[in-house]
Amino acid sequence: VRRRPADVEPGGGGRRWKDAGRGFIPAAIPWTSAGRGYLPAAIPWKSVDGGGRDGRTNKTRCPCVIKVRLSPDGDKFVVKEMIESHNHTIQEVERERRPHQRRFDKAAQNNRADITESLGNTAEQGIQQEDNPRDNRTTWKMNQTNLEKMVPALASVKDGNVVVVVSKANVLQAIYFQDNIMKQTFEKFPEVLLLDFVHRWEDLWLPTFLLLGIDGNGESELVCLWFMQNKERETIKQLLRIFKQKNPAAERIQTVMCSGRPYCGEVVAEVLPQSKLITCLFHTLHTFQTDITTDKLHVTVGQQNLLLEILHNMCYAASAEEYDLLYHQLLDTNTQRAIDYFHQNWHESRSQWVEGFKHESESYLISTINRVEQLGQKLQAAMGKFTDSATFVQGLLKAVESLRTECDHRTVRMFQKPSFVALEASSSASAYFSLLTGFAFSRVQRELEEAQWVTFLSVDGEQAQPVSRRRGVVTGQSSCQCAFHSSMRLPCRHILAFRQLRGTDLFEPTLCSPRWTREHYLRNHPVFRIISETPAAEPAPVPPQQPESPKEETTPMQQEQYHQAFKVAQKLSVLAAKCPTEEFDSCLAVLTAVTNIWARGGQVQVNEINVTHRKEETPSASDDMQSDGVHQN
């Protein structure tokens, strides 16, 4: 629609018009905005739904009521009438789970200044010294359970170890739980420890730290549980000290991986100084995405994208040279705020978050804490519904036992029903298959396949320098500086290629860490220890049997003949099953006779009997032969 000035009189009607966006409206009529257009103010507005909403619920017209009136002095309300009867059911369990408001004592209520001062002093102190009202306020909103009710249920576990952490005001802050199987598993496989927390369990807000270890077959094993009132630094520090005290094997921890929270690294470095701390790659990238913004660093959008790209590539840097190159690119951006932020938070701790530096120690090439998150999801799925703290503990312990049983089943299956792998009997791959567990062998098998493609830049006596993304890698016949050998403690492709170049046998048991061997796994896994400790029943007497003759290996031709004969025999079984009842015994006798004759090495000739021929057909010479069905030659 064309727009016209307000002082134009269209059509010469003498009325002044006003532009209303989509047309021309008489200026004399008052108009009002009504959402997407303009309506005359004089026209009454009618609601589509009649002006009311359906507020009915399942508790409609409940007689429960509380009537109050103002006191004579006007300072408070006085209950005049209260009816507590309901027309619906009331669940006491649901009422207990709802937050309850904490009340101050009467002395504090009389003086509001004392309340403010008390809150301020308490908030400045650590959680181990005094209660923190800020955390309690969050707890109310999130419907946190009562930790005290969980202690008896956890203490009832056989061979369980329960430790409670309280503040100076004797307020429960956390619960430490570890059963005997968790302790045994960590004692045998303590090299790598993963820890992270689950925030909530369905509707229940309860920060729970899950501590995981990795066994000899690459399975994630739960080694400890921490139920916490909050996630304060001092609480985590105290729990980690208890874990170290209860588990002497903690001195042999090589690597600890956590989600990358600032206080987490400080606590691990203080309590476990001999271990190396590494952070989750996903959390590192997420932190960069959160901190590198235009508002926080006062940079443009283009500079923000450039900084994120450089930091992202830094996370995946495979060597010190690659990291230094990216570091100088960061300095060349001339974004002083971003450079100061990087120097203050990340540059000095690059060995914890750069992939090339993280795997210089025994870390099993783990870059994220997905194992902990997946275990938390499995536990929540296996727990089911719960109504209070007691049923929560019962469901959680059942879920832990269920996942442990699944892991034990896979472990036993690896020894009883090993997977079929087409390997030459005398090859090095076959020797490694007999030595290592399934998880470790799959890694070594890939390195054996890739060894044939390795080339060397230089060879000097017992050392060589292979072509690798990580520059300056030196390889020998029993050691290598690459990330795979340093992290996995298994023979890498460079060692195997160099041994092949020198004419040395590729199979060398000393190249593999004992934790990856079948013997160590069979001797130390809890499921096999439980089986060995269980008294075996007295075997029933077995009648003497004739020794079976050794089975001959079948040739490919025999296998093909077997498949063809099996198809015919299967069809023959279907036809025999369809025979009438009075003829089935004779059919079965014929099949048995053929089987016995072939078993003796004889030959069988089959002639058809009782066949009705059509008149136009001439009977052949073979039809004149009378037969009982089977003839033996």
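Provided above is the structure to which this section pertains.
Residues numbered from 1 in each chain as written. Predicted model: local features only at pLDDT ≥ 70, side-chain atom pairs only at ≥ 80, totals over all residues. Heavy atoms only, no water.

Some points on unusual backbone geometry
Test applied: Strands are runs of DSSP state E lasting at least two residues, helices are runs of H or I lasting at least four, and both sets are numbered from the N terminus onward. With a 1.4 Å probe rolled over the protein chains alone, any residue whose accessible area is under 20% of its type maximum counts as buried; one over 50% counts as exposed, and the rest are partly exposed.
Even without glycine at this site, aspartate 159 takes up a positive phi of about 60°. Structurally, aspartate 159 can be placed in the loop between helix H5 (150-155) and strand E7 (161-166). A relative accessible area of 51% places aspartate 159 in the exposed class. Phi is positive for leucine 365, close to 60°, though the residue is something other than glycine. For leucine 365, the location among the structural elements is in the loop between helix H15 (355-358) and helix H16 (370-383). A residue is classified by how much of its surface remains accessible, and leucine 365, at 31% relative accessible area, is partly exposed.

Focus on the sheet that holds strand E10 (residues 204-214)
Paired through their backbone hydrogen bonds, the strands of a sheet run either parallel or antiparallel. Threshold: Only when DSSP finds a minimum of two bridges between them are two strands counted as paired. Angular values range over 0 to 180 degrees, each being the angle between N-to-C directions of two axes fitted as lines to C-alpha atoms, with helices fitted over their stretch in contact.
Spatial strand order, E7-E8-E11-E10-E9-E12-E13: 7 strands in an open sheet with mixed pairing. In this open sheet, the two strands that pair with only one neighbour each are E7 and strand E13 (276-279). Averaged over neighbouring strand pairs, the angle between their axes works out to 25° when direction is ignored. Pairing between E10 and strand E11 (residues 220-228): 7 bridges, direction antiparallel. Counterpart to glycine 213 in the pairing with E11 is glutamate 221.

With respect to the packing of helix H18 (residues 428-435) against helix H19 (residues 438-450)
Worth spelling out the cut-off: By the definition adopted for this analysis, an angle is roughly parallel if under 35 degrees, roughly antiparallel if over 145, roughly perpendicular if from 65 to 115, and oblique otherwise. Crossing handedness: left-handed means the near helix sits turned counterclockwise from the far one by under a right angle, and right-handed means the same turn made clockwise. The contact criterion used is simple: two residues touch if any of their non-hydrogen atoms lie within 4.5 Å.
At a minimum axis separation of 10 Å, H18 and H19 run at an interaxial angle of 165°. One way to sum up the angle between H18 and H19 is to call them roughly antiparallel. Crossing of H18 over H19 shows right-handed handedness. Residues Ser428, Ala429, Tyr432 and Phe433 of H18 form the contact with H19, whose participating residues are Phe441, Val444 and Leu448.

Some points on empty space enclosed by the protein
Going by this rule: The rule is simple: put a 1 Å grid over the protein atoms alone, call a set of points where a 1.4 Å probe fits but cannot get out a cavity, call an open set with protein on both sides within 12 Å along at least five of seven lines a pocket, and count a residue as lining if it has an atom within 4 Å of a point. Grid points are joined across faces, edges and corners, and a volume is the space filled by probe spheres set on the points. Nonpolar residues are Ala, Val, Leu, Ile, Met, Phe, Trp, Tyr, Cys and Pro. Charged residues are Asp, Glu, Lys and Arg, and all others, Gly as well, are polar.
For the structure shown, the criterion picks out 2 cavities of 30 Å³ or more. Estimates place the volume of the largest cavity at around 40 Å³. Lining of the largest cavity is provided by Leu195, Trp226, Ile236, Leu240, Cys264, Val267 and Val268. Counting only elements with at least two residues in the lining of the largest cavity, the list comes to helix H7 (233-246) and helix H8 (262-271). With 3 residues, H8 is the single largest residue contributor to the lining of the largest cavity. Each residue belonging to the lining of the largest cavity can be placed in one class, and the counts come to 7 nonpolar, no polar and no charged. Taken together, Leu307, Leu311, Leu330, Ala338, Tyr341 and Phe342 form the lining of the second largest cavity. Looking at the lining of the second largest cavity, the elements with two or more residues in it are helix H11 (301-315) and helix H13 (336-345). With 3 residues, the top contributor of residues to the lining of the second largest cavity is H13. When the residues that make up the lining of the second largest cavity are grouped by side-chain class, the tally is 6 nonpolar, no polar and no charged.

Some remarks on a nonpolar patch on the surface
This is how the line gets drawn: Each patch is built from residues that are more than 30% exposed by relative accessible area and take part in no salt bridge. Like charges join if they lie within 9 Å; nonpolar side chains (Val, Leu, Ile, Met, Phe, Trp, Tyr) join within 5 Å. Surface accessibility follows the Shrake-Rupley procedure with a 1.4 Å probe radius. Residue values consider only the protein chains on display as shielding. In the sections that follow, a salt bridge refers to a side-chain nitrogen of Lys or Arg positioned within 4 Å of a carboxyl oxygen of Asp or Glu.
A surface patch of nonpolar side chains, about 630 Å² in accessible area, is lined by Ile66, Val68, Leu70, Phe77, Val79 and Met82. Among the secondary structure elements, those contributing two or more residues to the nonpolar patch are strand E5 (65-70) and strand E6 (77-83). By the secondary structure assignment, phenylalanine 77 is in strand E6. By relative accessible area, phenylalanine 77 is classed as exposed at 64%.

Some words on the nonpolar core
Threshold: The criterion is simple. A nonpolar core is a set of buried Ala, Val, Leu, Ile, Met, Phe, Trp, Tyr and Cys residues joined through side-chain atoms within 4.5 Å.
Counting 61 residues, the largest nonpolar core has Trp201, Phe227, Phe392, Leu396, Tyr432, Leu436 and Leu490 as its most contacted members. Of the residues forming this core, the biggest block, 6 residues, is contributed by helix H17 (residues 389-416). Once residues lying within four places of it in the same chain are set aside, the contact partners of phenylalanine 227 are Leu147, Met150, Leu154, Gln173, Ala174, Ile175, Phe177, Leu206, Pro207, Thr208, Phe392 and Leu396.

In short, geometric facts, not functional conclusions.
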